[in-house]
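What follows is each chain in one-letter form.
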Amino acid sequence: MADPGIRLHDVVKNYDAPGHSVPALAATSLDVRQGEMLVLLGPSGCGKTTLLRMVGGLIRPSEGWIEVAGLPLWTTSGRNQEAVRKLGIVFQEPNLFPWLTVEDNVALPLEIQGANRNARTARARELLNLVGLAGFEHRRPRELSGGMRQRAAIARALAGDPQFLLLDEPFGALDAMTREQMNIELQRIWMETRQTVVLVTHSIHEAVFLADRIVLLSPRPGRIDRVIDINAPRPRAAEIEASAEFQSTVLGLRQRLGTIA
Amino acid sequence: MTKDNHTRLLPWITTPLLALALLLTWHVYVTSSGISGFILPTPIKVWHSYLDELRGAALWRHTWSTLYETLVGFAWATAIGLGLGVLIGRWRWLETTLNPFIVASQVIPKVALVPLFVVWFGFGPASKVLLAATLAFFPILSNTVLGVKSVDLGHRDVMVALNAPRWKVFTRLELPSALPYLLTGMEVGVVFAIIGAVVGEYLGGSAGLGYMLIAKMNAFDTAALFAIIIHLTLLGFVFYWLMSSARRLLIPWHESVLIDRANP
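Reference entry: report on the structure contained in this document. No experiment lies behind these values; they were computed from the predicted model shown.

### Structural notes on the overall build of chain B
Within chain B one finds 11 helices and zero strands. When the helices and strands of chain B are read in sequence order from the N terminus, they spell out α-α-α-α-α-α-α-α-α-α-α. Taking 18 Å as the expected radius of gyration for a compact globule of 264 residues, we find that chain B reaches 23 Å, considerably beyond that expectation. The C-alpha extent of chain B, read off along each of the three principal axes, is 75 × 65 × 30 Å. Intrachain contacts of chain B at a sequence separation of at least 6 include 76% that bridge at least 24 residues.

### Observations concerning the interface of chain B and chain A
If you look at the interface, chain B gives 12 residues, while chain A gives 16 residues. Only helix H7 (153-161) and helix H8 (166-202) of chain B provide two or more residues apiece to the side of chain B that touches chain A. Per element, the largest residue contribution to the side of chain B that touches chain A is six residues, and it comes from H7(B). For the side of chain B that touches chain A, the per-class residue count stands at seven nonpolar, three polar and two charged.

### As for the nonpolar core
Counting residues in hydrophobic clusters, the biggest one holds 76 residues, and the most contacted among them are Val39(A), Leu40(A), Val106(A), Ala155(A), Leu166(A), Val198(A) and Val215(A). When residues of this core are assigned to their parent elements, the largest contribution, seven residues, is made by helix H5 (residues 146-159) of chain A. Leaving out residues up to four positions away in the same chain, Val198(A) has contacts with Val32(A), Leu38(A), Leu40(A), Leu52(A), Val55(A), Phe164(A) and Leu166(A). Of all hydrophobic cores here, the second largest spans 40 residues; its members include Tyr50(B), Ala132(B), Leu182(B) and Val198(B).

### Things to note about the packing of helix H2 (residues 43-55) of chain B against helix H10 (residues 222-250) of chain B
All names here are of chain B. Between H2 and H10, the shortest axis-to-axis distance is 8 Å and the interhelical angle comes to 70°. On the basis of the axis angle, H2 is roughly perpendicular to H10. With respect to the hand of their crossing, H2 and H10 are arranged in right-handed fashion. Contact residues: Lys45, Val46, Ser49, Tyr50 and Glu53 in H2; Ala223, Ala224, Phe226, Ala227 and Ile230 in H10.

### Re the environment of Val158(B)
The topology assignment puts Val158(B) in helix H7. Put simply, Val158(B) and Tyr29(B) are 129 residues apart on the chain and 65 Å apart in space, counted from C-alpha to C-alpha.

About the cut-offs
- Residues numbered from 1 in each chain as written.
- Chains lettered and ligands numbered in written order.
- Predicted model: local features only at pLDDT ≥ 70, side-chain atom pairs only at ≥ 80, totals over all residues.
- Helix = DSSP H or I, 4+ residues; strand = E, 2+ residues; numbered from the N terminus.
- Rg over C-alpha atoms; globule rule 2.2 N^0.38 Å.
- Contact = placed C-beta atoms within 7 Å.
- Nonpolar A, V, L, I, M, F, W, Y, C, P; charged D, E, K, R; others polar.
- Core = buried A, V, L, I, M, F, W, Y, C linked by C-beta atoms within 7 Å.
- Buried ≥ 20, exposed ≤ 12 C-beta atoms within 10 Å, placed from the backbone.
- Axes fitted to C-alpha atoms, helices over the stretch in contact; angles between N-to-C directions.
- Parallel < 35°, antiparallel > 145°, perpendicular 65-115°, else oblique.
- Left-handed = near helix turned anticlockwise from the far one by under 90°.

Structure representation (structure tokens):
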């Protein structure tokens, strides 16, 4: 395979309910290309978080298979650690450990891998610089604002130097202004690190602003409705939202969401 | 601003005033009612009795006995309560298996075990240590179980995503998460351990503050009884202070500490 990104082949997820099983995601196939910013967009109940958690190896597909950089994510003996190491995940909540400093939180993946203190500190500093948190190394998470906590969570996800960065509605809990700022920041970080990004959102604006490709999901059961290419040049500034092209893409998506939701 | 200062400084005046008023009421009641000094001595007599005891060797010898029994019993309770609590919090089947026994160990009036402990371990410190440990064990266990179960699911996701091995999940996530709960259990447990040691001393042996209380009762020395009660109360304060210092030291990041700091 020329582009060993992430491949999903006929992936299905059913949840067990009393007496029957509820399909959360119908058979879904999708290729995430190396280096792209892919956004999973859909209304609640469309299985977008389920899809991302399966790509992240947090839940196991009921059927089908997933490959990460050419490696099967699940093998007969369980999760493939080598594949998991290529993934970094940012959750809806920052999920920082309140008993650790910001620096130690960011360095947690390295600590778990057994890196020594100096290497950990150096890498954590570098990442805090990247996400704009230099000077906050020794603060505790609770001393940071919501946006800063999510920046720290992004830095932590990057610490293990993953090839793929997965973000599950990372800015959903932030106020509109911080959210807009974080979108611009995420674009900058992505352009600097050139990781492959898969981001889940229910915000049409966020999707159109960030994505190279938008995968629109429809609910009950979740499945891919369509895939849309966004070709606006980068870096995109906040003003792009005023452009006619942006507006018409947003409008098109809104109308489509109105019929499928 | 000044109003804040008022509410902060006021207890430093009102609390001693209230204590003084209570002591005065006590004193006036004893002197005016003609009640026998054997039944209720004046606070001044109690104070002198306490000073006498503090100067003597007996009080300190007995204090060490009680302290030893309390601390050793408490240490056992903490070790077993923590160990078992972590296992029970982790494995659901272990909890269902052990639950009837744990509830039984909780509802049994533990003081009823003292005669048995004396038969098994004699009148020495061992039987008191055992009672102190038995009393302190349950709050430590139940709080540890609660702590291990209360680990944030989002935090768990982080560790799963990072491929953390079991041991790292325990030391880096479960232990720090459960620590505030464990400390709460220990705070309750240490007070129970004192109760266990003192009650154990009532019923057997010739050492400890509990034994001293019984001896003073037999001698009709009511003032000394009060003095020892005050002594035990102060001991309790020391333990309480030690535990809350441990809290500030070990979990400075936790809400319980931060709230205290914001409203001292």
